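# Results of the structural survey
Read off the chains here:
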Amino acid sequence: MGYDLMLSAMRYASPTTVAEAVDLLGSDPAARVYAGATDLIPQIRAGRPEPTVMVDLKRIDRLCAIGSNGSTYTVGAAAPTADICGHDGLAADFPGLVEASGLIGSDQIQSRSSWGGNLANASPAADTPPSLIVNDARAVIAGPGGERTVAAADVATGPGQTSLGPGEIIVEFELDQPPARTADAYLRLIPRTEMDIAVVGAAARITLDGDGNVAAAAIALGAVAPTVVRVPDAEAALIGNLPSGEVLGAVEAAAAAATNPIDDKRGTVAYRRQVAGVLARRAVSIAAERAAQQGDQS
Amino acid sequence: MSRVHVTCTINGDPAEFLCDGGQTLLDALRDEVGLTGAKEGCGTGDCGACSIVMDGRLLCSCLVLAPEADGRNISTVEGMATGDDLHPLQQCFLEGAALQCGVCTPGFLVAAKALLDRNPDPTETEIRYGLAGNLCRCTGYDKIVRAVQAAAETINES
Amino acid sequence: MTVTESKPSYKYVGTRPVRHDGLEKVTGRARFAADLNMSGQLHGIVVRSPHAHARIVSIDTSDAEAMDGVKAVITGDDFPAVDPSHRQYDMCINVIARDKVLYEGHAVAAVAASTRDQAQAAAAAVKVEYEVLPAVLTIDQAMAPGAPLLHAHMMTAGANPPAEEPSNISNVTRFSGGELDAGFAEADLVIEREFTTQPVHQGYIEPHACVADTGQDGHTTIWCSSQGHFNVRSSTATLLGWENSRIRVIPAEIGGGFGGKTTIYLEPLAVALSAKAGRPVKMVMTRDEVFRATGPAPGTKLRIKLGVKSDGDLVAGDAYLIYTNGAYAGPGGLLGAMTVFESYKIPNFEIEALDVVINTARSAAYRAPAAPLTAYAMETMLDEIAEELGIDPIDFRIQNAVTEGDPSTMGFPFARIGFVECLEAVRDHPNYKAPLGPNQGRGVAAGYWFNIGESSSATVNLNEDGTATVVTGSPDIGGSRASMALMAAEELGIDVYDIRPVVGDTEAVGFTDVTEGSRATFATGMAVVEACRRMVVELRGRAAKMMGVDVDDIDWMDGQAVYTGSDGEKAPLSVAEITAKAKRTGGPLTATGSLEAHGAGPGFAVHLCDLEVDPETGVVRVVRYTASQDAGTAIHPSYVEGQIQGGVAQGVGWALNEEYIYDSDGVMENPSFLDYRVPVASDLPMIDAIIVEVPNPAHPYGVRGVGETGIVPPIPAVANAIYDATGCRIRDLPMSPIRVLDAITSNGGSNGS
């Protein structure tokens, strides 16, 4: 039974530079990043954790900006997913990632949720990490030792666990413009139509060659293991083939086999495994269809 | 621990209040400012009864720390009507019987206004997904969706 | 749409005015309980048990009492002892545990402090030593030989022969009629099915809240959100051992109840804290507390056997119903027994219903309590039989439906009812024949609720300007104030907007029972009509005085006193003209109506659900929904539709996703709106409400309660539609994606039984 902790004892800080934020977080182990806080505040109310300082990152311009230099997009780690969903360039180049971004909670939550929060919160069921991973997103991380860039796939290491060191924050994400005839898709299973945590999530990115065969494939699953799971067997089954028929059956089987789910209040092992296969197959189909349409347009 | 002094704009008027560092904006609006239109239905961002708009963004005020409001522009249900003139959404909710107990109504009105500000002519599906963050346990949503449709028509005609 | 028998034409009844309390609710000004603050108030927090079943060894409040800002700490010892034979024993020990805690979340102590933070810190500092006992979490565990007992004194009530040993079975209900064996012998088709369901929560959006202010004179005032403030008064008085007259309860606006606010949780604690501290105390539950500690509806295990002749006549029914009402005796089984066979002519039947206690929160009423579950079982079985016999499911129900004069389960004959009319309304609706797409299915189901009368009071005060104030004692949980104003307008002949309907506090209006059993517009409406009719008598008398004529020559027509005598022409007198002269004709104009209402007309509903199943994931989406219901007379049709539509939404949630999930220690795992999944707007389509009007002969305007019946048919309607879409009969709730996919996978989509 959670009691609200002494909220009156908590301090709020709103740095305007990355350096200030890193300094605040690095100097107090009980300081917490306060970005969207859509998970953090309910957790605090339930009695865990008990931060001393909440470090608001949303007044740091760089963390909220969305830009592109023509070949690479830079998306602030705290940029609201509402802004991401409203960004024409991202929506055109990464439709699946943008869909995943739009699935995080209600319109109210969309004003606050972000890729950085979604990834650093390290929930196995988070919606955007599978899509970030199939798109080879990179996370730029700032900390007391300066900045470093890592693959988004390397940030979460387990439920609630990340590779971020003390005082480190994700500053922004880098996403390379996808090659021609490339598209992604994301599907998730929730019992309702909205407002649920994914029971299973599946992201796929497909690149087609001129004949419509798969030239490159990336498939990643959420909520079926402690961290996002890639499905190399499914990716291998696709390469060089048309994304249809038996090949898709192989994708489904490989995806189901790649899972390592748990039984919990939101789903069972058997259900998650079966549906992971279904969603992976469907996500591949949608991504391939989008990629083919791009080919038609060009 | 001394309290935090917040200066902001609420429903178009300058406002200031004192709050605790860890106090939510919902609690500050209700307990420090005295605006009780926003309600706490869950405290976890799952019901939308505490919906407000801050700097143009629709939020669950239960998930916002009050000090964050410093320098911001906040709109609540209390600011929707202009003098005696109700907002078309308020009028359509009344005429369409889109409320029963009424405790979710402020949140729905604020969220629906944000929806129509962004998308003046939404489809039924867009309304339903746009308001999915607001729980109503009385109406089955039918009359709420119809009221939002009617309000959109009224606004677009004027 | 509305399907109406011939009825009188009314000027106000049946129209759709803007509700009188609407403006305050759309502008944020309406005051719900948590919106109230008293100067100098303290904040009260409840200390709750982390264990599902434990003996309280000791409670040490000394650390908490010494903390900053703490003004009072109370435990069960601060309340008078209560004997297990006391009529409200369960309620008393549920509000605050005495020697044992019976579920996770059970209140064991409460603290009041200057700030909520201080109170929370103090609550965490109350040291409770528990001796943890094995928890009984399921019906099977509770009924197993040698099961741990929740209540050492509990002897099964109604057992025959009488129980000799205590058990976890609180009571047995038996009804029968005809000759069961002979009935089954006559049957050409007999099927027997079993069902299980889990507890669900009413899910009102407003958590329980109250403020109590106890003065030095030993009197207290409570402001709170409830479905019945007179019940808050009497229950609080019982817990405290006070006279009712020491307590005044002022109703705040109520943010949803659905039955869940017909009982009390916080008020006696707030009063006790306030009395101890000498300050007002405000208490507001968190959503987590609402889920863990307040009224879920019962879970069940149901087994029903039905016999039918090949021509479609039902001839025998045997029901064995087990309800869990949480940790205390409850009426679930009785209500299940009263509803299971009630809608159909079944000449030979036996019903045995058990109520079983387990270590979960005490059940509270939830909209047509128990009936949705018996309907789930019955209506899916009827669907199965109709298919087996090759009869249209609606025609099959019409063939067996009860009509006027048929006996109910308890033997009373039905008065005029509208069940067949509801069935016909759906059968004749275009949606019954609308085309279905791939993976879509259609299900029909009926529902019944008996509705109740009880005590109601109303006062009508005419104001100096000719407007009226109508004061009743019924908290308005869904628009009943507008209905009261409409009936008063019709009676008095003044405009509905010239009437102010008000919910009066316990010292401002006569005793009125809880708003439950869909009784407000029926029973309190009758009290309003009675008061208005007395007022009209008074108005005629005043008018006669003003005109100087005999009162017998005055008629009341269209809001005016009209002279009908033969002594020439006299100008009619309006209400305003009469009230303006009231000082000279006998003083203020006020009239009351107080009554025990009888003849609550039973409500019937028939629903049609179209849905789509994703055969690869088991996800179900409702795509079209049509619901007919007999309202008797719809006083305010918009709010009748609203009750129907709201019932549908709750029923669909119950069918598909809502359930309490406990871990193996009895700790609730989903106490939030994130994981306790009530339907959101995008989960539902528009809900076509068909109001059927077969007037209730016992009510002056023909009203039947409409609040509850609408939640009864959705579960079986959804289940039957899932069967239509997939070929799978699912007999366990909720019909979540996991369960639906499992059924599809294991049945191959072909085997329904």
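Not measured: the values here are computed from a predicted model.

This brings us to the overall build of chain C. Helix and strand counts for chain C stand at 20 helices and 29 strands. Since a compact globule built from 753 residues should have a radius of gyration of about 27 Å, the 27 Å found for chain C is in line with a globular shape. Counting only C-alpha atoms and orienting by the principal axes, one finds that chain C spans roughly 85 × 75 × 50 Å. With 753 residues in all, chain C has 66% of them scored as buried. A sequence separation of at least 24 residues applies to 79% of the contacts in chain C between residues at least 6 apart.

Across its full length, chain A carries twelve helices and 14 strands. Against the compact-globule benchmark of 19 Å for 298 residues, chain A has a radius of gyration of 19 Å, which places it among compact chains. With respect to the three principal axes, the spread of C-alpha positions in chain A is 60 × 45 × 35 Å. Buried positions account for 54% of the 298 residues belonging to chain A.

All names here are of chain C. Looking at chain C, the domain boundaries give domain 1 (33-134 + 203-293), domain 2 (367-450 + 601-747) and domain 3 (454-597). Domain 1 and domain 3 are separated by 39 Å when their C-alpha centres are compared. Opposite the 15 residues of domain 1 that make contact, domain 3 presents 17 residues. Buried area between domain 1 and domain 3, summed over both chains or domains, comes out near 1400 Å², and the portion from carbon and sulfur atoms is 60%. Ranking the residues of domain 1 by area buried against domain 3 places Gln227, Phe230 and Arg248 at the top, with a combined share of 43%. Where domain 1 packs against domain 3, one counts three salt bridges. Here Asp505 ties to Arg248 by a salt bridge, and the two come within 2.8 Å at their closest N and O atoms. Seen at the junction of domain 1 and domain 3, the total is five residue pairs in polar contact (both at pLDDT 80 or more). Here the side of domain 1 that touches domain 3 is built from residues that sort into six nonpolar, six polar and three charged.

Once that is clear, we can look at the environment of Gln293(A). All names here are of chain A. Topologically, Gln293 is positioned in helix 12 (residues 269-297). Classification of Gln293 by relative accessible area gives partly exposed; the value is 43%. As a C-alpha pair, Gln293 and Arg148 span 145 residues in sequence and 37 Å in three-dimensional space.

To continue, consider the sheet that holds strand 12 (residues 220-224) of chain C. Residue and element names in this part refer to chain C. With mixed pairing, seven strands are arranged side by side in an open sheet as 4-6-2-14-11-12-13. The strands lining the two open edges of the sheet, one partner per strand, are strand 4 (70-75) and strand 13 (247-251). Geometrically, the sheet is characterised by an average inter-axis angle of 20 degrees between neighbouring strands, direction not taken into account. Of the pairings in the sheet, the one linking strand 11 (residues 209-214) to strand 12 comprises five bridges and is antiparallel in character. Within strand 12, the position partnered with Cys210 by the bridge is Cys224. Packing of helix 4 (residues 116-125) onto the sheet brings it into contact with strand 2 (42-48), strand 4 and strand 6 (107-113), and relative to strand 2 it is tilted by some 25 degrees.

All names here are of chain C. Here the structure, examined in full by the defined rule, presents 71 salt bridges over all chains. The shortest N-O distance in the salt bridge between Glu131 and Arg55 comes to 3.8 Å. Separated by 76 residues along the polypeptide, Glu131 in strand 7 (residues 127-132) and Arg55 in strand 3 (residues 54-60) bring together distant segments of the chain. Taking the relative accessible area as the measure of exposure, Glu131 reaches 40% and is therefore partly exposed. Three or more residues joined by partner-sharing salt bridges are found here, namely Arg19, Asp21, Lys25, Glu253, Asp476 and Arg481.

All names here are of chain C. Between helix 12 (residues 393-400) and helix 13 (residues 419-427), the least distance of the axes is 10 Å, while the angle of their chain directions is 165 degrees. As judged from the angle between their axes, helix 12 and helix 13 are roughly antiparallel. Seen from above, helix 12 lies across helix 13 with left-handed handedness. Seen from helix 12, the contacting residues are Ile394, Asp395, Arg397 and Ile398; seen from helix 13, they are Val420, Leu423, Glu424, Val426 and Arg427. For the contact of helix 12 with helix 13, a count of residues per class yields five nonpolar, no polar and four charged.

This part covers the interface of chain C and chain B. Contact with chain C, which involves 51 residues of that partner, is made by 43 residues of chain B. Taking both sides of the interface into account, the surface hidden between chain C and chain B amounts to around 4000 Å²; carbon and sulfur atoms contribute 57%. Counting the surface chain C buries against chain B, the share from its top three residues, Val26(C), Ile205(C) and Met686(C), is 19%. For the pair chain C and chain B, the number of links is 22 residue pairs in polar contact (both at pLDDT 80 or more). Within the residue set of the side of chain C that touches chain B, elements represented by two or more residues are helix 1 (22-26) and helix 18 (637-656) of chain C. Ranked by residue count, the leading element in the side of chain C that touches chain B is helix 18 of chain C, at nine residues. Considering only residue class, the side of chain C that touches chain B consists of 26 nonpolar, 16 polar and nine charged.

With that settled, the discussion passes to the interface of chain A and chain C. With 28 residues of chain A at the interface, the matching set in chain C holds 36 residues. Taken over both partners, the interface formed by chain A and chain C buries close to 2700 Å², and the fraction arising from carbon and sulfur atoms is 54%. Taken together, the links from chain A to chain C amount to six salt bridges. A salt bridge links Glu616(C) to Arg281(A); the shortest N-O distance between them is 2.6 Å. Here chain A is connected to chain C by 15 residue pairs in polar contact (both at pLDDT 80 or more). Sort the elements by how many residues they give to the side of chain A that touches chain C and helix 12 of chain A lands first, with seven residues. Counted by class, the side of chain A that touches chain C contains 14 nonpolar, five polar and nine charged residues.

This part takes up the packing of helix 7 (residues 229-240) of chain C against helix 8 (residues 267-277) of chain C. Residue and element names in this part refer to chain C. At a minimum axis distance of 9 Å, the contact between helix 7 and helix 8 shows a crossing angle of 55 degrees. Classified by the interaxial angle, the pair formed by helix 7 and helix 8 is oblique. Read as a crossing pair, helix 7 and helix 8 show a hand that is right-handed. Listed contacts from helix 8 to Val232, Thr236, Leu239 and Leu240 of helix 7 are Glu267, Pro268, Val271 and Ala272. Each residue belonging to the contact of helix 7 with helix 8 can be placed in one class, and the counts come to six nonpolar, one polar and one charged.

In this section: the nonpolar core. Within the largest apolar cluster, 211 residues are counted, with the highest numbers of intra-cluster contacts made by Phe93(B), Met283(C), Ile304(C), Phe341(C) and Met735(C). It is helix 11 (residues 371-389) of chain C that provides the largest number of residues to this core, a total of ten residues. Residues within four places of Ile304(C) in sequence aside, it is in contact with Ile191(C), Glu192(C), Arg193(C), Asp318(C), Ala319(C), Leu321(C), Val340(C), Phe341(C), Ala377(C), Met378(C) and Met381(C). Among the nonpolar cores identified, the runner-up in size contains 49 residues, and Met484(C), Leu486(C), Met487(C) and Cys532(C) belong to it.

The next point concerns the state of the cysteines. Tallying each qualifying case throughout the model produces zero disulfides over all chains. Cys85(A) forms no disulfide, and the closest cysteine sulfur to it belongs to Cys64(A), at a distance of 16 Å. Note on Cys85(A): relative accessible area 31%, which makes it partly exposed. In this model Cys47(B) remains outside any disulfide bridge; the closest cysteine sulfur is found in Cys42(B), 3.8 Å from its own.

What counts as what
Residues numbered from 1 in each chain as written. Chains lettered and ligands numbered in written order. Predicted model: local features only at pLDDT ≥ 70, side-chain atom pairs only at ≥ 80, totals over all residues. Heavy atoms only, no water. Helix = DSSP H or I, 4+ residues; strand = E, 2+ residues; numbered from the N terminus. Rg over C-alpha atoms; globule rule 2.2 N^0.38 Å. Buried < 20%, exposed > 50% of the residue type's maximum accessible area, 1.4 Å probe, protein only. Contact = heavy atoms within 4.5 Å. Domains from an automatic or database assignment. Buried area = accessible area lost by both parts, 1.4 Å probe. Salt bridge = Lys/Arg side-chain N within 4 Å of Asp/Glu carboxyl O. Polar contact = N/O pair within 3.5 Å; in protein donor to acceptor, adjacent residues only side chain to side chain. Nonpolar A, V, L, I, M, F, W, Y, C, P; charged D, E, K, R; others polar. Pairing = 2+ DSSP bridges. Axes fitted to C-alpha atoms, helices over the stretch in contact; angles between N-to-C directions. Parallel < 35°, antiparallel > 145°, perpendicular 65-115°, else oblique. Left-handed = near helix turned anticlockwise from the far one by under 90°. Core = buried A, V, L, I, M, F, W, Y, C linked by side-chain atoms within 4.5 Å. Disulfide = S-S within 2.5 Å.

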